[in-house]
Structure formats: C-alpha cells, structure tokens
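# Coordinate analysis (summary)
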Amino acid sequence: MATFLYKLGRLAFRRRHFVALIWVALLTLAGVGAASAPAAGTTSFAIPGTEAQKAFDLLEQRFPGASADGATARVVFKAPAGQKMTDAGTKASVEKTVKELSTGSEVASVADPYTGHAVSKDGTIAYASVKYEVSGMELKDSSRDALKDAAQHARDAGLTVEVGGDALSAAPETGATEVIGIGIAAVVLVITFGSLLAAGLPLLTALIGVGIGVSSITALASTLDLGSTTSTLATMIGLAVGIDYALFIVSRYRAELAEGREREEAAGRAVGTAGSAVVFAGLTVVIALVGLSVVNIPMLTKMGVAAAGTVAIAVLIALTMIPALLGYAGKRVKPAGQKSKLLGGGRTPKKAGRPNMGTRWASFVVRRPVAVLLLGVVGLGAAAVPAASLELGLPDDGSQPVSTTQRRAYDLLSEGFGPGFNGPLMLVVDGKDAQSPGAAFDKVGAEIKGLKDVVTVTPAQPNKAGDTATITVIPKSKPSSTQTEDLVHAIRDKGTDLASETGAKVLVTGSTAMNIDVSQKLNDALVPYLVLVVGLAFLLLIVVFRSILVPLKAALGFLLSVLAALGAVVAVFQWGWLSSLMGVEQTGPVMSMMPIFMVGVVFGLAMDYEVFLVTRMREAYVHGEKPSQAVVTGFKYGARVVTAAAVIMIAVFSGFIGSSESMVKMIGFGLAIAVFFDAFVVRMALVPAVLALLGKRAWWLPKWLDRALPNVDVEGEGLRTSGDTGRRDPDEELVRA
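Everything in this summary refers to the structure shown in the same document. All values derive from a computational prediction rather than experimental measurement.

The subject of this paragraph is the overall build of the protein. Looking only at helices and strands, the protein has 24 helices and 11 strands in total. Here the protein holds 737 residues, and 55% of them are scored as buried. Counting contacts in the protein only where the partners sit at least 6 residues apart, residues at least 24 apart contribute 81% of the total. Approximately 30,700 Å² of the protein is accessible, and the part contributed by carbon and sulfur atoms is 60%.

It is worth spelling out the packing of aromatic side chains at this point. Applying the stated criterion to the full structure yields nine aromatic pairs. Measuring from centroid to centroid gives 5.1 Å for Tyr 127 and Phe 421, while their planes differ by 65 degrees, and the two rings are edge-to-face. A residue pair is termed long-range when its members are at least 10 positions apart, and Tyr 127 in strand β3 (residues 125-132) and Phe 421 in the loop between α13 (405-417) and β6 (425-430) qualify at 294 residues. Comparing Tyr 127 with Phe 421, the two get one shared label, buried.

Pairing within the open sheet is antiparallel, and its four strands lie in the order β2-β3-β1-β4. Looking at strand neighbours, the two that pair on one side only are β2 (107-111) and β4 (160-164), the edges of this open sheet. Between one strand axis and the next, the sheet turns through 20 degrees on average, direction left out of account. In the sheet, β2 pairs with β3 via four bridges, with the strands oriented antiparallel. By the bridge assignment for β3, Val 107 is matched with Tyr 132. Its contacts with the sheet put α13 on β1 (72-78), β3 and β4, and the angle it makes with β4 is roughly 110 degrees.

To continue, consider unusual backbone geometry. Generally, phi is negative for residues other than glycine and the peptide bonds are trans, each holding for most cases. One non-glycine residue, Asn 296, adopts positive backbone phi at about 65 degrees. Using a relative accessible area of 40% as the deciding quantity, one classes Asn 296 as partly exposed. Notably, Asp 453 is not glycine yet its phi reads approximately 75 degrees, a positive angle. When you line up the elements, Asp 453 lands in the loop between α14 (437-449) and β7 (454-457).

Our focus in this paragraph is empty space enclosed by the protein. Where empty space is left in the structure can be found by rolling a water-sized probe over the atoms. One pass over the full model with this rule turns up one cavity of 30 Å³ or more. Computed from the structure, the largest cavity encloses a volume of approximately 50 Å³. Lining the largest cavity, in full, are Thr 205, Ala 206, Gly 209, Val 210, Gly 238, Gly 242, Ala 246, Thr 310, Ala 314, Ile 317 and Ala 318. For the lining of the largest cavity, the residue count by class is six nonpolar, five polar and no charged.

The next thing to look at is the environment of Trp 700. Within the secondary structure, Trp 700 is located in the loop between α21 (662-694) and α22 (703-708). In the structure, Trp 700 is positioned 155 residues away from Phe 545 in sequence and 9.9 Å away in space, judged by C-alpha atoms. Dropping the residues within four chain positions of it, Trp 700 is found in contact with Arg 546, Ser 547 and Ile 548.

Attention now moves to α21. Where α21 bends most, at Val 682, the angle is about 40 degrees. Counted residue by residue, α21 has 26 buried out of 33 residues, so it is predominantly covered. Looking at the residues trailing α21, positive phi occurs at Gly 695, about 65 degrees.

Before going further, it helps to spend a moment on a nonpolar patch on the surface. Taken together, the side chains of Val 294, Leu 532, Leu 536 and Leu 539 make up a nonpolar region of the molecular surface, amounting to roughly 320 Å² of accessible area. You can see Leu 536 is positioned in helix α16 (residues 511-545). With relative accessibility at 40%, the residue Leu 536 sits in the partly exposed group.

Turning next to the side chain of Asn 463. In this fold, Asn 463 is placed in the loop between β8 (461-462) and β9 (468-475). Setting aside residues up to four positions removed in sequence, Asn 463 forms contacts with Arg 62, Phe 63 and Thr 468.

Our focus in this paragraph is the pattern of salt bridges. Throughout the structure, instances matching the rule amount to 22 salt bridges. Of the charged contacts in the structure, one is a salt bridge between Lys 494 and Glu 447, with a shortest N-O distance of 3.7 Å. You can see Lys 494 sitting in helix α15 (residues 482-502) and its partner Glu 447 sitting in helix α14, a full 47 residues away along the chain. Across the salt bridge formed by Asp 517 and Arg 492, the nearest N and O atoms sit 2.8 Å from each other. Taken together, the positions of Asp 517 in helix α16 and Arg 492 in helix α15 put the pair 25 residues apart, joining distant regions of the chain.

The next subject is the packing of helix α19 (residues 594-622) against α21. At a minimum axis separation of 9 Å, α19 and α21 run at an interaxial angle of 35 degrees. Like other packed secondary-structure pairs, α19 and α21 cross with a definite hand, here right-handed. By residue class, the composition of the contact of α19 with α21 is 20 nonpolar, one polar and three charged.

Calculation criteria
- Note that residues are indexed from 1 along each chain, following the sequence as it is written.
- Given that the model is predicted, a residue must reach a pLDDT of at least 70 before its local features are reported, and side-chain atom pairs must reach 80 or more before they are shown or counted; all residues, however, enter totals for whole chains, interfaces and linings.
- Side-chain metrics rest on all non-hydrogen atoms present in the structure, leaving aside hydrogens and water.
- For helices the rule is a DSSP run of H or I covering at least 4 residues; for strands it is a run of E covering at least 2, with both sets numbered from the N terminus onward.
- A 1.4 Å probe rolled over the protein chains alone gives each residue an accessible area, and that area as a share of the maximum for its type sets the label: buried under 20%, exposed over 50%, partly exposed in between.
- Residue contacts are counted whenever heavy atoms from the two residues lie within 4.5 Å of one another.
- Note on areas: Shrake-Rupley with a 1.4 Å probe; residue coverage comes only from the protein chains shown.
- By convention, a stacked pair of Phe, Tyr or Trp rings (six-membered ring in the case of Trp) has centres within 6.5 Å and planes under 30 degrees apart, an edge-to-face pair has planes over 60 apart, and any other such pair is tilted.
- Only strands joined by at least two bridges in the DSSP assignment are considered to pair.
- Under this scheme, a helix contributes an axis fitted over its contacting stretch, all axes are lines through C-alpha atoms, and angles between N-to-C directions fall in the 0 to 180 degree range.
- Cavities and pockets are defined on a 1 Å grid built over the protein atoms alone: a cavity is a set of grid points where a 1.4 Å probe fits but cannot escape, while a pocket is an open set with protein on both sides within 12 Å along at least five of seven lines, and lining residues are those with an atom within 4 Å of any such point.
- Grid points are joined across faces, edges and corners, and a volume is the space filled by probe spheres set on the points.
- Each residue gets one label: Ala, Val, Leu, Ile, Met, Phe, Trp, Tyr, Cys and Pro are nonpolar, Asp, Glu, Lys and Arg are charged, and the others, such as Gly, are polar.
- Bend, at a single residue, is the angle you get between axes fitted to the 7 residues ending at that residue and the 7 residues starting at it.
- Only residues above 30% relative accessible area that lack a salt bridge enter a patch, with like-charged residues linked at up to 9 Å and the nonpolar side chains Val, Leu, Ile, Met, Phe, Trp and Tyr linked at up to 5 Å.
- Put simply, a salt bridge is a Lys or Arg side-chain nitrogen that is within 4 Å of an Asp or Glu carboxyl oxygen.
- Crossing handedness is read from the near helix: turned anticlockwise from the far helix by less than a right angle, it gives a left-handed crossing, and turned clockwise, a right-handed one.

Pasting the structure below:
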C-alpha cells in the first residue's frame, strides 16, 4: 500500500498539469450537469415492510386516480378581530380564494371550508384543503407561486392567511454560520502551517471535492429521487473530511521537507505514509455511511451513499491533487517549523529540544494513566446520562421556525381545531374478504371512536368497488406526542380484533403513522447496524494496526463518545438546555434518524483520528521505541495536526447549526459535539492512557493471524528499507529558501 501510494504521489507531483486538468474537467462536467438538471425537491418517505407503507400502497391500488402520493396544502384563514368567518364579506373573500386555488393546472381538488365543515367552533378560523395530482418533488414552481399568490390576495382582503403542508416545502437555508465555520477552518490552518499558501491548499481541494460531489448529486437528484437534505449533508461531511485529509498529507509533506528530502521525494513519502492513513480512515467512513442501507429506508440509504461518494472523492483528491498543487507551490510551502515572512518567518526560532505541547501532554498522561482514564470515563458517562430519556420522532411543521408560514399555519390549526388536527390518522379498511363490507366499515368507525385520545372519527369513504374505505381519525394530542403514538398502537391492536370479528383488515397510515413506523424501524435496526459497521471496521483496523486490543479500545471509546453526544442532543433539543443559544424554537422528540446516523458518521470520523494518531505510535513502536515512548512520539508528531483537524471539523459541523431545517440543525450540533468528545476526550486522553497501561500487550496479535493478514504497510516500512534517496541537507535547503 505505502509503496503504491508513494509512486502515485511522485507521479502526481511530476505530472501536476495533467492531474489538475483532470480534476478541473470533472468539476466542470459535474457543474454543467447540475446547472442543466431540474432542482431537487423533498424526498418522499417510502418505508418498505411497514404497515403505513402497506396501507399507502393499498390506497394507490384500490383508489386509482386519487393521487394518494400527491402534494397537499392547507390554506388557513383567520378572520379579523371582532369578525367571524361566516360574515358575508369574509366568506366572499374565502370563496374567491378557493375558486382561484382550483384553477391550477396540477390541482386535483380543493375542499371549500363552508361545505366541508372546516370552520372552527368559535367561527374565527377556517381552512381549505388543496390536493395536487403530483408529489411535492414533482410540483412545478408555477403551482407553488399560484398557491402563494392566492394566499396573498386573501391577505390583501384583510384576512390572516398561512399555508401548511408539503406543497411549499423548501430547501433548507444555512445562513452565514456555514461561511463562519469555513472561516474558522481557514484560521486554524494558517496557525497550524504558518503559511497562507499551505493553509489554502486543504481548503481549495476540499471545496473542489465538495463541488464535484454536490454537483453530481444535484445532477442526479431528479433521476434518483434525491432530496435537498442529501446535498446539504454531503456538503457537511465532505467539507470536514476533505479539509482534514488534505491537512494530514500537507503536514506530513512539511515534516519530510524538514528531514532534508527533496520536494518530489517528500510528496511521495507524504502520500505513502499519511496517504495510507487517509485511505483507511476514508474506508471506515465509507463503510459506516454505506452501511446505513441495512436499515432499508430508501431516503437514508441515498443520503448515506451520496455522502460516502463525496468522502471517496475527498480521499482521491487528497492523494492526487494535493501533491500536484504542492508541485505548483514549490518552495513557497516551507518545511515544518518554518513560517512564511508574512506570518513571522525569519524570526529567531524557539530553543532547540524544547518539547511541544503534544509531547508534554502525552508524557503527563503516560505518568498518570489511571487518573486520566477514570476522569475521562466519568466525564463522558455524566454527559451521557440524558440519553436515558431519549424520545424519538420525526419533525413536522410544528418544529419549523415561527417565521415560516408552515409553522404559523400549524399554530392556527391547533388554536382553532386542537393540536391533534395537525396529525390526522388515516385508516384504510380492506373489506374484500368481509361478508358485509359496509357493516364492517361502520363497526370499525364505531369501535375506534371509543378509544382514548380520539376527538373525531369521520364516516367511512368507500371506493367505487365498495370493498375498501378510508376513515380519518383526529387525535387529541399533537402529532409528535407519545399519546398519539400510543393511539396508533391502540388502533392497530383493535384492528387485529376487528379483523377476526368482521373479516376486514384495518391499516393505519398518514404522515403521523409513517413517522412512528420510521422511528420503530430505526430503533430495530440500530443494533444490527452497530454490529455490521463496527464489526467490519474492527476487522479493517486489525489489518491496519496488526493488533486485537487497539481496535477493541477504539470501538469502546467510540461508543462512549457517541452516547455522550446523544446525551447532549437530548439536553438541548428535548430538554431545552441552551436552546435559545442554538436557535431551537421548539423542543420535542429527537429526530428518529439521529442515533443511527450519528453512529454511522461519528464512527467513521472517530476512526479517522484513531488511524492518524495511532499509526504514528505504531510507526515509532515498529521502529524500536518502547511502548510508552511510542505513545509520546505519536503525540509529538500527530497531536498538533489531529487537534487542528478536530477544530476544523467542529467548526464546519457547527456552521450547520444555523440551518432553517431542524434535521440539519440537529445533525450539525450532534456531529460537532461528538467530534469534540471523541477527539479531545477519547483520542487525546483515553487512548494514550489505555495504551500506557497495556504496554506491549497493546500490539499483541496471534502468530497465526499475523501470518494470515495482508501486510498493508501503513507505517511506510517499505519506504524506509528501500533507502533514503532524495535526502538533502536541510541547512542547505534553508539557505535556498
């Protein structure tokens, strides 16, 4: 591995024009594809195997032409103070708006509030339901504009009008915080390298990689049904790993220069050593992201595969474009320890032999491993306590910012009709095997009406064949509440009894039931997913480190950091701690995708730091140092860079906390705090403490397994034994520079 990458690095350095041309061509091609592709919409939920999905499929089969998957909108009206919706002038304005809404080319139907009993008891609030022939992803901008215009015309008539539903779903906005995150990353790189040019290389290559990845996602969005959130998450992860991977290779390149090597040789060795770590770190991230497909939720699978593709591009760019750009930079990228003149270069260097911060910290941990280990474990355990109260759900319009019309429509409906009105449950009654389908429909309605937490049960609406009917149930509680979830389970339990009595099958669907089924499916998949991803990565790390205990320690440390991060997410987004600081306007259940997505992404990123930091220790140990001294050596060369990489990743993820999309905001916070815990507590404290306690046993591997495993040579031993060609006098290079 190291020898192949060494040759690749030297080739890219020499053929830099060709390498740069290839990447620019790929970026241009992806950009053209994205520019000519239709805009991405909101990915629809399809949850194979769940009751809600089965009911949805049955609706499409038994109610042909009903546009079961069509977009919906609720236009909510509120009368001016002191007036009623039934007043003549107000009623005329509403009816005019309803007529305007019905003229849209993609509109399937519009329900008049006055004929559809959609006026609140106090007469102040009413709503019109709009059903479209196409899904929210396929809805034309002209239809959305017509919906907004109709609402505005009603506002001009003196009414308060807001619009809810998926017809107005928009791409999430990240605001200025994302740019701030990248700015912080730039500052950290400048401090780390002491050079504007060297700092700019990781940023440039990361942006190119993300540009190619996100443009490709945008170009394929319509074909593969990729939602706007997919590209946002790919940007988040691609930026973070792209900067980090390039950072490690540039840092190693400068270290090789400081040892007196010619620039082409230094580029080859940087790619051969740090590049090997990049490959295996990237593989762990890709395994974790692609492994999300085991959950069997198409949207989550697409998000994971798209993000994994962006990570793969980041790895390839780090291995090829970074050495090419280093070739262009020439002597303007200084050896480690030297700064550019603009940033203080030429000053008297620090006293020779003075240990750096990483060395001093590692020496401290090696002297007091038990105290550091206990303190770290107890601290992470305390942070993980709130995770015991974790409640899962999926965001709805109630979690939107109050500045959005969707959230205001949600609040108006809750005010006029009760909180459960925003999450109606749709019952699909299959009476094909019933002796009397009509009687079965009536019995189902009557039985469901008697359940706890039910406000309204509408009469059954049969299809033309009379063998299937839909019944709408309005709960008392809001969609994301545990009471509504209990009601769904109660209806399904009652449906089992009714099936034996009447022969009719009762299925519960609708967005609320679908969200509940998604949460349950994610919960059920979490343990198998953990076993698969951690198991594969464990095997990969055995090959990298040629050890059993080091990968085991890495996996256990990851579990500690992810539990602590989940605890922090619960404290902020569910309990409301520091919610105003994070811009969380509505607390509630944690997004059901959060635990499994965090496990996937954080595990991959955690292994990044494990690979980068511990390979330096392994390298020192293989070359004859004692285990405790190897730990210190690993920190001497790796701590500064790993710290910079972690700060960069935290800054990039934190930039997405300002997103208007609650899911993106939560993931940004969760990943940022998880990286903080994993990098600064687990990798910087617990890892050296455990390795100091284990000593030589940390690197133990059964002889039979050692013979069976392939030698990937992450430490670059093959490069050392091949001779130190290309070495020059560092003092001479300093004079030249």
